[in-house]
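Overview (structure and organization)
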Amino acid sequence: MTTERRVLIVAYDDAQILDIACPSGALDIANRYGAQPPYSIELGTLGRRAARSSAGIVLGAAQRLETVAGRLDTLIVVGGIGCEDAAADERLLGQVRRLAGLSRRVASVCTGAHVLAAAGLLDHRRVTTHWGWGDRLAASHPDVAVDPNPLYVRDGNVYTSAGVTSALDLTLALIEDDHGPTLARAVARELVTHLHRPADQAQISMFLAAPPPEDRLVRDLTGYIAAHLSQDLTPAALAARAGVSPRHLSRLFRTHLDTTPARAVRAARTEAAAHLVRSSGLSLAAIARRCGFGSAETLRQALLDHYGMTGDTMRRMPDMPPARAAGQRKTPGP
């Protein structure tokens, strides 16, 4: 008889429904693609009460947390706008601590990290959470090393992930750890998602790091850049497309994106290329062509400037360092 990998997802009122759906859906697909041993997926709440998600959809709980016994493979605590109330509920925290002791590994999705931290499970660990909540988590729990940039972080047997859909990236990583990359890729294809974004890829790209530009022209051009990386994106070509002079275009980008059109294009191309380096078997030359770089050497230099490493090094590393901040330069050697 095949032993199941028992996964318990902890929910509470005003949890984010995607934080529940992403891991449970991905694990269910892994089972249908032949995961051996398969995953047994359970949803648990205090008192086995139905959990009202922040979207208003009510989910029935299959397990009463207080009576869960026996070994667990994975404990997952979800996030949502109810996380602060959950993190202040001593009954819930007590059960999370107890269940963590029964589990091979513990994970949080999004602001679920606040619950794990309140339970004392993140002390002296490097963790991540939703980019908008990182400062709050760090201020509330000074013994927790909060890094708000990565999509997910593994520190020992504790995994934390960023906002909402990064739960898919985390779950694909868990599936790959358990069953290898072939099954993880099959699940990703079924979900029509990225094959596997690297853990330390920045949560948000340069075009999402701030609210969308108020200027419609700049907003339209940034969308055009992202969708046409291999085409002519010189400042002159972009200005002609927008019907303005190159000088005026530069002023608009400086005002609304705090960068130049050329730098914006280079950053967008480099981020897209880094994803392909990590998630595909394409050669660097092919990736360079697809993303609008003139040559593999030009791509190599862009990756060095943006991430501090070459494509070959990036492919060999289990995690990728986050992109350098705009304008950041390499630290000179001794």
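Here is what the cut-offs are and how they apply
- Residues numbered from 1 in each chain as written.
- Predicted model: local features only at pLDDT ≥ 70, side-chain atom pairs only at ≥ 80, totals over all residues.
- Heavy atoms only, no water.
- Helix = DSSP H or I, 4+ residues; strand = E, 2+ residues; numbered from the N terminus.
- Contact = heavy atoms within 4.5 Å.
- Areas by Shrake-Rupley, 256 points an atom, 1.4 Å probe, with all protein chains shown as cover.
- Buried < 20%, exposed > 50% of the residue type's maximum accessible area, 1.4 Å probe, protein only.
- Polar contact = N/O pair within 3.5 Å; in protein donor to acceptor, adjacent residues only side chain to side chain.
- Salt bridge = Lys/Arg side-chain N within 4 Å of Asp/Glu carboxyl O.
- Phe/Tyr/Trp six-rings, centres within 6.5 Å; stacked < 30°, edge-to-face > 60°.
- Lys NZ or Arg CZ within 6 Å of the ring centre and 35° of its normal.
- Pairing = 2+ DSSP bridges.
- Expected span 1.5 Å × (residues − 1).
- Arc of directions from axis to C-beta.

So, about the overall build of the protein. Across its full length, the protein carries 14 helices and 11 strands. The long-range fraction of contacts in the protein, counting pairs at least 24 apart against all pairs at least 6 apart in sequence, stands at 64%. In the form shown here, the protein has an accessible surface area of approximately 15700 Å², with 51% of it arising from carbon and sulfur atoms.

Right, let's get into the side chain of Asp-178. Summarising the element assignment, Asp-178 is placed in helix α6 (residues 166–179). Taking the relative accessible area as the measure of exposure, Asp-178 reaches 15% and is therefore buried. Within the local environment of Asp-178, its side chain forms a polar contact with the side chain of Arg-105, the two groups lying 2.6 Å apart. Beyond its immediate sequence surroundings of up to four residues, Asp-178 is in contact with Arg-5, Tyr-39, Arg-104 and Arg-105.

On to the environment of Arg-154, then. Its location among the elements puts Arg-154 in strand β10 (residues 152–155). Here the alpha-carbon distance between Arg-154 and Val-106, two residues 48 residues apart in the chain, equals 9.9 Å. Ignoring any residue separated from it by four or fewer positions in sequence, one finds Arg-154 in contact with Tyr-159 and Asp-177. Within the structure, Arg-154 has its side chain in polar contact with the backbone oxygen of Gly-156 (distance 3.0 Å). A distance of 3.2 Å separates a polar atom in the side chain of Arg-154 from a polar atom in the side chain of Tyr-159.

In total, this model carries 20 salt bridges according to the counting rule given. A salt bridge links Arg-64 to Glu-66; the nearest nitrogen and oxygen atoms lie 3.9 Å apart. For Arg-64, a relative accessible area of 38% puts it in the partly exposed group. A relative accessible area of 30% places Glu-66 in the partly exposed class. A salt bridge links Asp-155 to Arg-125; the shortest N-O distance between them is 3.5 Å. Linking Asp-155 in strand β10 with Arg-125 in the loop between α4 (112–118) and β8 (126–127), this pair joins segments that are 30 residues apart in sequence. On the accessibility criterion, Arg-125 (21% relative accessible area) is partly exposed. Here the residues in one salt-bridge network are Arg-5, Asp-73, Arg-104, Arg-105 and Asp-178, joined through shared partners.

Summed over all chains, the structure comprises zero aromatic pairs. Seen from the ring of Trp-133, Arg-136 lies directly overhead, with NZ or CZ sitting 4.1 Å from the centre. Above the plane of the ring of Tyr-224 lies Arg-241, whose end atom (NZ or CZ) is 3.8 Å from the centre.

The strand order across the open sheet built from seven strands is β5-β2-β1-β6-β7-β11-β10, with neighbouring strands paired in mixed fashion. Two strands bound the open sheet, and with one partner strand each, they are β5 (63–64) and β10. When strand β2 (residues 39–45) meets β5, the two strands line up parallel, connected through two bridges. What sits directly across from Thr-45, in β5, is Arg-64.

Here helix α8 (residues 216–227) spans 17 Å end to end across 12 residues, near enough to the 16 Å set by a 1.5 Å rise per residue. Turning to α8, its buried residues number three or more, namely Val-218, Leu-221, Thr-222, Tyr-224 and Ile-225. Across the axial projection of α8, the buried residues extend over an arc of 160°, all falling on one side. What points out from α8, more than 90 degrees from its buried face, is the exposed set Arg-216 and Ala-227.

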